[in-house]
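# Examining the three-dimensional arrangement
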Amino acid sequence: QTYPAVQTLADRLGTRSIEFLGRRPLSELPGLMAEADVCLGIFGTTPKAARVIPNKVFDALAVERPVITADTPAIREALVPGRHLWTCPAGDPDALADAISRLKADPNTRRKLAAEGRTRFEEAFSIEAISRDLSAVVREVLPARGGR
């Protein structure tokens, strides 16, 4: 929803290192993410931003890309900052810029985050992992209902 304002700001600042792709079909997003050096998550300061992990974070982990996102309770509940992804304070553009610069300068850390993030995704958030966990819950509930 802020695309026009961000595009205007980038034009005004003469930014040459950002390519605006505009809206893309959902089917193109995995390929675009897989080509990225780093994927960005959520950085808002609302209560909702603190309690959710957006799909784009899981998508980036799934395609084995390093992720930078806000350090929130939701992130820390599911992932380990510095191991599965990189975090910075929510709503802090200077910290985000620093995180991007640090990862740009450190390809080994990018590779490690991407690999560990992908492993964590497979263990806990893939279709297989979710199916396994859901099956265990269903098996636990069914006997309580007479096995049907």
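Before any of the text, the structure's been laid out above.
So, a few notes on the structure that sits alongside this text. (Residues numbered from 1 in each chain as written. Predicted model: local features only at pLDDT ≥ 70, side-chain atom pairs only at ≥ 80, totals over all residues. Heavy atoms only, no water.)

## Details of the side chain of histidine 84
We apply this condition: Secondary structure elements are taken from DSSP: a helix is a run of H or I of four residues or more, a strand is a run of E of two residues or more, and numbering for both begins at the N terminus. Exposure classes here rest on a 1.4 Å probe applied to the protein chains alone. A residue is buried below 20% of its type maximum, exposed above 50%, and partly exposed in between. In protein, a polar contact requires one atom able to donate a hydrogen and another able to accept it; more generally it is a pair of N or O atoms within 3.5 Å, and residues adjacent in sequence count only if both atoms are side-chain atoms. It only takes one pair of heavy atoms within 4.5 Å for two residues to be counted as in contact.
Here histidine 84 shows up in the loop between α5 (73-78) and β3 (86-88). By relative accessible area, which is 6% here, histidine 84 ends up buried. From its side chain, histidine 84 meets the backbone nitrogen of valine 80 in a polar contact 2.8 Å long. The residues touching histidine 84, leaving out its near neighbours within four places in the chain, are Leu61, Leu79, Leu113, Glu116, Gly117 and Arg120.

## Concerning the environment of leucine 85
As for its placement among the helices and strands, leucine 85 is situated in the loop between α5 and β3. For the pair leucine 85 and proline 66, spaced 19 residues apart in the sequence, the C-alpha separation amounts to 6.1 Å. Apart from the residues within four sequence positions on either side, leucine 85 is in contact with Val67, Thr69, Ile75, Leu79, Val80 and Leu113.

## Digging into the packing of aromatic side chains
For any pair of aromatic rings, the description rests on two quantities: the centre-to-centre distance and the angle between the ring planes. Note the threshold: Within 6.5 Å between ring centres, the rings of Phe, Tyr and Trp (the latter by its six-membered ring) count as paired, and their orientation is classed by plane angle as stacked under 30 degrees, edge-to-face over 60, tilted in between.
In the structure shown here, the tally under the stated rule is 2 aromatic pairs. Each ring, one from tyrosine 3 and one from phenylalanine 20, has its centre 5.8 Å from the other, and the planes form 90°; the classification is edge-to-face. With a gap of 17 residues between them, tyrosine 3 in helix α1 (residues 3-13) and phenylalanine 20 in the loop between α1 and α2 (29-35) connect regions that are remote in the sequence. On the basis of relative accessible area, tyrosine 3 is assigned to the partly exposed category, the value being 40%.

The values are spatial; any link to function lies outside them.
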